[in-house]
Amino acid sequence: MTSLTCHGAAGEVTGSCHLLECMGQRILVDCGLFQGRDALERENALAFAFDPASIDFVLLTHAHLDHCGRLPLLARRGFRGEIIATAPTRELTRLVLTDAASLQEEDAQSNARKLHGPAPPPLYTLEDAFHAMDFFGRRAEYGRDIALAPGLTAHFIDAGHMLGSASVVIDAGDGAHRRRFVFSGDLGNPGRPLLRDAEPPPAADVVVMEATYGDRDHRSMSDSVDELVGAVADRIEHGGNVIIPTFALERAQEILYHLADGIRQGLLPRTLPVFLDSPMAISATETFARYPDCLGEAARERLAEGGDLFGLPTLRFTRETADSMALNRIKGGAVILAGSGMCTGGRVRHHLEHNLWRKNAGVIFVGYAASGTPARRIIDGAKTVRLFGEDVRVQARIWTINGFSAHAGQHDLLGWLRHAAPKKAVLVHGEADRGLSALAPHVEALGIDCVVPAQGERLTLD
Ligand SMILES: [Zn+2]
Ligand SMILES: [Zn+2]
């Protein structure tokens, strides 16, 4: 019997963790962290609803924390199988997990100071993160079969979502008995300069598909680039700073790429100081140049022309904390990119604290903001936001530009699904009252049986 149980990203966006039991093998597709509301984040500390020691393989679709972030817990709790991912995913996952572990250790220490005594331990430590990395085995190359067990193979195809991202295709059995399961992972928004578009999936029996933006289409990329450059120009003209909370992977690099274009076209001053204030984003930026084969055509051409992907004359990297703190003294005229994208942690919170109350400043949101996060509250028009225990007034101008989304919109999701033409589609990685409920009727209209599973619900796939 083949079965599927979603242990995360079921009726919500984060915590992707799907258990496929097939031909005697127990395969996890992703093992991500729950992020957002406190109650949701507390779930991370709970025991897995399956025995980690019983898992044979983890097929990791990409390096975002909501897909890889519980791997250190899986390893600490007994997993001894093999983690399979593409080479860039493996490299970026190391960055993401060590960064997450450091943040958790810092938070635990500051909680201990506040409580003047024993505080809850970090969810996991740097040591746990490195331990998890030891289980990475074979590297997946796009399009090449990897044998998991006799009669059971997997191959990865480009998902166009971030560097190294993949959808996973699993083939079970031979000939007339063959069954094919496809996990979309996160699907990219097509037409982005740094990445290739998602590869259409092969025909499949069952597709497990993300539905983050199942309820809408994005604005076009060129409109979004115009809006970004216009917003930056406007705030700089008013003498303010521009804060761009960014996900360190992909989005930060994409924004740098577009700012460089804006300068090249004379829409932004050549002297515009741009700070990338995120050690992880800086490292990730270096990773990009190492995998030219995985890049989109525009980026590869630019690399071939002269080497510098981002080409910003005034780009500065602030790796050290002291350099980051020095940015707080800049009253206006600079662009600061810092994480985290949803403002739940990281250096961006300091920049918000120093700029949100300034009327001439701007905050530009360029990514997904889950409900319950500070980013979402600001986007939804909150008058104040709580940062470091104090309420900060929101007087800066706020932009939300969703055309940079790393996720496919409704039209592209359905187009991708049509290629696989499955009998059954399992929709995950979406909010129940948004992406999931909006997409399901469209899937059914294609004549595909559509299931939106609850967390822990076991679906029989025979
Ligand atoms: Zn992702
Ligand atoms: Zn995701």
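A brief structural summary. Residue numbers run consecutively from 1 along every chain, following the written order of its sequence. Each chain gets a letter, beginning with A, and each ligand a number, beginning with 1, in the order they are written. Side-chain atom pairs in this predicted model are given and counted only at pLDDT of 80 or more, local residue features only at pLDDT of at least 70, and totals for whole chains, interfaces and linings cover all residues. In computing side-chain properties, one takes all heavy atoms of the structure into account and sets aside hydrogens as well as water.

**Description of the coordination of the zinc ion (ligand 1)**
Then comes step 1: Donor atoms (N, O, S) are those found within 2.8 Å of the metal centre, with the cutoff raised to 3.2 Å for Na, K and Ca; water is not part of the atom list, so apparent gaps in a site can occur. Those protein atoms acting as donors to the zinc ion (ligand 1) are His62 (NE2), His64 (ND1), His161 (NE2) and Asp186 (OD), and they sit at 2.1 to 2.4 Å.
Then comes step 2: Between consecutive donor residues of the zinc ion (ligand 1), the sequence gaps follow H-x1-H-x96-H-x24-D.
Then comes step 3: Separating the zinc ion (ligand 1) from the zinc ion (ligand 2) is a distance of 3.4 Å, and aspartate 186 supplies a donor atom to each of them. Of the two residues, histidine 161 is situated in the loop between strand E8 (152-158) and strand E9 (166-172) and aspartate 186 in the loop between strand E10 (179-183) and strand E11 (206-210); the sequence distance between them amounts to 25 residues. For the pair formed by histidine 161 and aspartate 186, the shared burial category is buried. Elements are defined by DSSP. Helices are runs of H or I of four residues or more, strands are runs of E of two residues or more, and each kind is numbered from the N terminus. Partly exposed residues are those whose accessible area sits between 20% and 50% of the maximum for their type, while under 20% is buried and over 50% is exposed, using a 1.4 Å probe and protein chains only.

**Observations concerning the packing of helix H6 (residues 221-237) against helix H7 (residues 251-264)**
Then comes step 1: At their nearest, the axes of H6 and H7 sit 10 Å apart, and the two run at 70 degrees to each other. Compared by their axis directions, H6 and H7 come out roughly perpendicular. Between H6 and H7, the residues in contact are Met221, Val225, Leu228, Val229 and Val232 and Ile255, His258, Leu259 and Gly262, respectively.
Then comes step 2: In terms of residue class, the contact of H6 with H7 is made up of seven nonpolar, two polar and no charged. Fitted lines through C-alpha atoms give the axes, limited to the stretch in contact for helices. The angle between two N-to-C directions lies from 0 to 180 degrees. Every angle not falling under 35 degrees, over 145, or within 65 to 115 is termed oblique; those three ranges are roughly parallel, roughly antiparallel and roughly perpendicular. Two residues form a contact once any of their heavy atoms are found within 4.5 Å. All amino acids are sorted into three groups, where Ala, Val, Leu, Ile, Met, Phe, Trp, Tyr, Cys and Pro are nonpolar, Asp, Glu, Lys and Arg are charged, and the leftover types, Gly among them, are polar.

**Thoughts on the packing of aromatic side chains**
Then comes step 1: The rule is short: rings of Phe, Tyr and Trp, with Trp giving its six-membered ring, pair when the centres are within 6.5 Å, and they are stacked under 30 degrees, edge-to-face over 60, tilted in between. Taken as a whole and assessed by the stated rule, the structure comprises three aromatic pairs.
Then comes step 2: The ring of tyrosine 257 is capped by arginine 302, whose NZ or CZ atom sits 4.0 Å from the centre of that ring. Over a ring means this: the NZ of a Lys or the CZ of an Arg is within 6 Å of the ring centre and within 35 degrees of the ring normal.

**Some points on the nonpolar core**
Then comes step 1: Counting 80 residues, the largest nonpolar core has Leu71, Val232, Leu259, Val335, Leu337 and Ile364 as its most contacted members.
Then comes step 2: The contacts of valine 335, once residues within four sequence positions are left out, are Val232, Ile236, Val242, Ile244, Leu259, Leu272, Pro273, Val274 and Phe275.
Then comes step 3: Definition used in this section: a nonpolar core is a set of buried Ala, Val, Leu, Ile, Met, Phe, Trp, Tyr and Cys residues joined via side-chain atoms within 4.5 Å. Of all hydrophobic cores here, the second largest spans 30 residues; its members include Cys6, Ile146, Leu152 and Ile170.

**Some thoughts on unusual backbone geometry**
Then comes step 1: Cis peptide bonds are those with omega within 30 degrees of zero, and the linkage from glycine 339 to serine 340 qualifies with 5 degrees.
Then comes step 2: The residue serine 340 is located in the loop between strand E15 (335-338) and helix H11 (348-355) in this model.
Then comes step 3: Unlike most non-glycine residues, alanine 421 shows phi in positive territory, near 40 degrees.
Then comes step 4: Within the secondary structure, alanine 421 sits in the loop between helix H13 (410-420) and strand E20 (424-428).
Then comes step 5: Alanine 421 sits in the exposed class, given a relative accessible area of 52%.
Then comes step 6: Positive phi outside glycine occurs at histidine 429, with the angle close to 55 degrees.
Then comes step 7: For histidine 429, a relative accessible area of 1% gives the class buried.

**Some remarks on the coordination of the zinc ion (ligand 2)**
Then comes step 1: Bound to the zinc ion (ligand 2) on the protein side are Asp66 (OD), His67 (NE2), Asp186 (OD) and His429 (NE2), at distances that span 2.1 to 2.2 Å.
Then comes step 2: Each label reflects the angles at the metal, where four donors whose angles all fall between 85 and 135 degrees are tetrahedral, four or six donors whose opposite pairs open beyond 155 degrees and whose other angles stay between 65 and 115 are square planar or octahedral respectively, and the rest are irregular. For the zinc ion (ligand 2), the four donor atoms in the first shell make angles of 87 to 164 degrees at the metal, so the coordination geometry reads as irregular.
Then comes step 3: In primary-sequence terms, the residues that donate to the zinc ion (ligand 2) follow D-H-x118-D-x242-H.

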